[in-house]
Amino acid sequence: ANRSNNAKLVLLGDAGAGKSSLVLRFVKNQFIEFQESTIGAAFFSQTLSVDDASVKFDIWDTAGQERYHSLAPMYYRGAAAAIIVYDITNQASFDRAKKWVQELLVQGSPSTIMALAGNKADILDARRVSEAQRYALDNGLLFMETSAKTAMNQRSSFKANQHKALQE
Ligand code: GTP
Ligand code: MG
């Protein structure tokens, strides 16, 4: 690789949306049916190469439970990208995702790229959220439906952020 970069990436979203599962799929290509709820936050590092560039991602997988909310600014401060995850089968998780978007718009850094990920797209017949793409468009967010379970789009959701981060 001719170029190498570091990029801090943070995952935010409701408890149970699948943040840890997406990270586990990304870094180890694994899925765990009974993934434990994250306490505080978990850190992962992963290097990706695209074309002649490589990016070392420093990934903060935050805890979605409300009691950890006050910790979040430590993890999104200075982030190149934030992936805000909701569960397409859970309307409350989408409402929570919108709150994260608003918080980042107000308190986050303007240079942080925001992506909205509608996870659990493998369980389409239980879909409850359909307005997310429109919301993402209206708010200038990248948007993608993902499945940590089947691996659908999860790599591209990280890579999209890498491409954007490299353009900075
Ligand atoms: P917190 O750590 O509490 O904030 O939750 P989280 O967002 O990290 O969710 P987690 O990755 O722990 O996933 C919650 C549950 O959803 C687990 O039982 C996962 O197996 C399941 N899950 C995660 N992603 C998917 C997916 O894409 N499809 C399906 N069917 N289940 C998923
Ligand atoms: Mg977790």
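Here is a short report on the structure shown in this document. (Residues numbered from 1 in each chain as written. Chains lettered and ligands numbered in written order. Predicted model: local features only at pLDDT ≥ 70, side-chain atom pairs only at ≥ 80, totals over all residues. Heavy atoms only, no water.)

1. Some words on helix H1 (residues 19–28)
In an α-helix, one turn spans 3.6 residues, which is why side chains three or four residues apart end up on the same side. Let me state the cut-off plainly: Summary of the burial criterion: residues with accessible area below 20% of their type's maximum are buried, those above 50% are exposed, and those between are partly exposed, where the area comes from a 1.4 Å probe applied to protein chains only. Secondary structure elements are taken from DSSP: a helix is a run of H or I of four residues or more, a strand is a run of E of two residues or more, and numbering for both begins at the N terminus.
Summarising burial for H1: nine of the 10 residues are buried, a large majority. Those residues of H1 lying buried are Lys19, Ser20, Ser21, Leu22, Val23, Leu24, Arg25, Phe26 and Val27. Directly after H1, the chain includes Asn29, whose backbone phi takes a positive value near 55 degrees.

2. Focus on the coordination of the magnesium ion (ligand 2)
Heads up, the condition is: Sodium, potassium and calcium take a 3.2 Å donor cutoff, other metals 2.8 Å, and in both cases only N, O and S atoms count; water is not among them, so sites may look incomplete.
On the protein side, the magnesium ion (ligand 2) has Ser20 (OG) and Thr38 (OG1) as donor atoms, found 2.1 Å from it. Remark: Thr38 occurs in the loop between H1 and strand S2 (41–50) and Ser20 occurs in helix H1; sequence separation between them is 18 residues. Assigned by exposure class, Ser20 and Thr38 land together as buried.

3. Examining the packing of aromatic side chains
For the record, the criterion: Within 6.5 Å between ring centres, the rings of Phe, Tyr and Trp (the latter by its six-membered ring) count as paired, and their orientation is classed by plane angle as stacked under 30 degrees, edge-to-face over 60, tilted in between.
The final tally for this structure, using the stated rule, is five aromatic pairs. Judged by centre distance (4.9 Å) and plane angle (55 degrees), the rings of Phe43 and Trp60 are tilted. On the criterion of sequence distance, the pair formed by Phe43 in strand S2 and Trp60 in strand S3 (residues 53–62) is long-range, its members being 17 residues apart. According to the relative accessible area criterion, Phe43 is partly exposed, its value standing at 43%. Three or more aromatic residues joined by ring pairs make a cluster, and in this case those are Phe43, Trp60 and Tyr75.

4. Thoughts on the nonpolar core
Under the convention used in this document: In these notes, a set of buried Ala, Val, Leu, Ile, Met, Phe, Trp, Tyr and Cys residues joined through side-chain atoms within 4.5 Å is what counts as a nonpolar core.
Of all hydrophobic cores here, the largest spans 23 residues; its most connected members are Leu12, Ile84, Tyr86 and Leu116. Counting residues per element, the ones that place at least two in this core are strand S1 (3–13), helix H2 (72–76), strand S4 (81–87), helix H3 (91–107), strand S5 (113–119) and helix H4 (132–138). No other element matches the five residues that H3 contributes to this core. If you look at the next biggest cluster of nonpolar residues, it comprises 18 residues, including Leu22, Val23, Phe26 and Ile113.

5. What to know about the pattern of salt bridges
So the rule is basically this: The working definition used for a salt bridge is a side-chain nitrogen of Lys or Arg within 4 Å of a carboxyl oxygen of Asp or Glu.
Evaluated as defined, the whole model comprises six salt bridges. Here Asp87 and Lys120 are joined by a salt bridge, their closest N and O atoms 3.4 Å apart. You can see Asp87 sitting in strand S4 and its partner Lys120 sitting in the loop between S5 and H4, a full 33 residues away along the chain. Judged by its relative accessible area of 26%, Lys120 is partly exposed.

6. Remarks on empty space enclosed by the protein
This is how it is decided: Site definitions follow a grid-based scheme: protein atoms alone, a 1 Å grid, a 1.4 Å probe that fits but cannot get out for cavities, and for pockets an open set with protein on both sides within 12 Å along at least five of seven lines, plus lining residues having an atom within 4 Å of a point. Grid points are joined across faces, edges and corners, and a volume is the space filled by probe spheres set on the points. Gly falls in the polar group here, along with every residue not listed as nonpolar (Ala, Val, Leu, Ile, Met, Phe, Trp, Tyr, Cys, Pro) or charged (Asp, Glu, Lys, Arg).
Applying the stated criterion across every chain yields a total of two cavities of 30 Å³ or more. Taken as a whole, the largest cavity spans an internal volume of roughly 70 Å³. When residues of the lining of the largest cavity are traced back to their parent elements, those giving at least two are H2 and H3. For the lining of the largest cavity, a count of residues per class yields seven nonpolar, five polar and two charged.

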